[in-house]
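# Commentary on secondary and tertiary structure
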Amino acid sequence: MNGITSPRRERADAARNRVKILTAAAGIVATHGVEGLSMAEVATAAGVGVGTLYRRFGDRSGLAYALIDEREREFQAAFIEGPPPLGPGAEATARIRAFLHALTDRTVEQLDLLLMAETAAPLARFGGAYDGHHAHLSMLIAQARPGADAHVLADALLAPLAAPLLAHRLRGREVTAERVKAGLDDLLAAFTTRAPDTS
């Protein structure tokens, strides 16, 4: 997702308001789902005026995207510069596994919001955060399995974490998040384990 906030430094009061607003909005989504995300309710819960909300986020969709953006920034900071095994310092296969498990949790955590974002247009899932996840996985796959088609394998590992598919499976109670992680572990093991040389 593209960042919502301006790169300019926020005034201290504006930054405090932003935190209050996003905290209130996240609480409403957690309790009532995306359908319950009302600008008026968020303003009341955050203790700010509705006008402040509209000036800052534009509309309900802008607020929803800001929630996704905020959480995505935290996730990217964790896998780019956080502690291992998610961050640097562990071997590549361990980092891939940690990344996939963390991305599963991150997707489940904001599933309603991501479902809305990924179905907004035919190719809405791709670009932005997806490209960042794909580039990171491709780099690690190239380290874990030199010579493999890291670009295609990264897509294969990300595919089960598409919000529409995950929502369909989780809500149909066909799978759990832990089962998804176990399946991703099997996929990872399959392509990082080299076949014996039969030549």
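One structure accompanies this document, and this report is about it. (Residues numbered from 1 in each chain as written. Predicted model: local features only at pLDDT ≥ 70, side-chain atom pairs only at ≥ 80, totals over all residues. Heavy atoms only, no water.)

## Focus: helix α5 (residues 92–109)
Selection criterion: For helices the rule is a DSSP run of H or I covering at least 4 residues; for strands it is a run of E covering at least 2, with both sets numbered from the N terminus onward. Here a helix's expected span is defined as the number of its residues, less one, multiplied by 1.5 Å. Buried means the residue's accessible area, taken with a 1.4 Å probe over protein chains only, is under 20% of the maximum for its type, while exposed means over 50%, and partly exposed covers the values in between. Contacts are residue-level and defined by heavy atoms, with any inter-residue pair within 4.5 Å sufficient. Polar contacts, as counted here, are pairs of nitrogen or oxygen atoms within 3.5 Å of one another; within protein the pair requires one atom able to donate a hydrogen and one able to accept it, and residues that are adjacent in sequence qualify only if both atoms are side-chain atoms.
In this model, α5 (18 residues) spans 25 Å end to end at C-alpha, consistent with the 26 Å of a helix rising 1.5 Å per residue. All buried positions along α5 are accounted for by Ala92, Arg95, Ile96, Ala98, Phe99, Leu100, His101, Leu103, Thr104, Arg106 and Thr107. For α5, the elements touching its buried residues are α4 (60–81), α6 (111–118), α7 (129–144), α8 (150–158), α9 (163–171) and α10 (177–192). Structurally, the start of α5 carries an N-cap: the backbone nitrogen of Thr93 is 3.1 Å from a side-chain oxygen of Glu91.

## Description of the environment of Leu67
Mapped onto the elements of the fold, Leu67 is located in helix α4. A relative accessible area of 6% places Leu67 in the buried class. Separated by 42 residues in sequence, Leu67 and Ala25 have C-alpha atoms that sit 7.8 Å apart. In this view, Leu67 contacts Leu22, Ala25, Ala26, Val29, Gln110 and Leu113; residues no more than four positions away in its chain are not counted.

## What about the layout of surface pockets?
Here is the rule: For cavity detection a 1 Å grid was placed over the protein atoms alone, and a set of points counts as a cavity when a 1.4 Å probe fits there but cannot get out; an open set counts as a pocket when protein lies on both sides within 12 Å along at least five of seven lines, with lining residues being those that have an atom within 4 Å of a point. Grid points are joined across faces, edges and corners, and a volume is the space filled by probe spheres set on the points. Polar here means any residue other than Ala, Val, Leu, Ile, Met, Phe, Trp, Tyr, Cys and Pro, which are nonpolar, and Asp, Glu, Lys and Arg, which are charged; Gly is therefore polar.
One number sums up the size of the largest pocket: a volume of about 370 Å³. Considering the residues around the largest pocket, the lining is formed by 20 residues, among which Ala26, Val29, Glu109, Gln110 and Leu113 are closest to the centre. Mapped onto the lining of the largest pocket, the elements with two or more residues apiece are α1 (12–32), α4, α5, α6 and α9. Counting residues per element, the lining of the largest pocket draws most heavily on α1, which supplies seven residues. Grouping the constituent residues of the lining of the largest pocket by class yields ten nonpolar, three polar and seven charged.

## Things to note about α1
Counted at 1.5 Å a residue, the expected span for α1 with its 21 residues is 30 Å, and the 30 Å between its end C-alpha atoms agrees. Buried-residue contacts for α1 involve α2 (39–46), α3 (50–57), α4 and α6. Gly33 sits one or two positions beyond α1 and adopts a positive phi of about 80°.

## Let's talk about the pattern of salt bridges
Put simply, the test is: Only one rule defines a salt bridge in this text: a Lys or Arg side-chain nitrogen within 4 Å of an Asp or Glu carboxyl oxygen.
Tallying each qualifying case throughout the model produces ten salt bridges. Here Asp69 ties to Arg73 by a salt bridge, and the two come within 2.7 Å at their closest N and O atoms. Of this pair, Asp69 and Arg73 both sit in helix α4, four residues apart, roughly one helical turn. Exposure remark for Arg73: the relative accessible area of 43% places this residue in the partly exposed category. One salt bridge in this structure joins Arg106 and Glu72, with 3.0 Å as the shortest N-O distance. On the criterion of sequence distance, the pair formed by Arg106 in helix α5 and Glu72 in helix α4 is long-range, its members being 34 residues apart. The exposure class of Arg106 is buried, given its relative accessible area of 1%. Accessibility expressed as a relative area gives 5% for Glu72, which makes it buried. Salt bridges here are not isolated pairs; linked through shared partners, they connect Arg71, Glu74 and Glu109.

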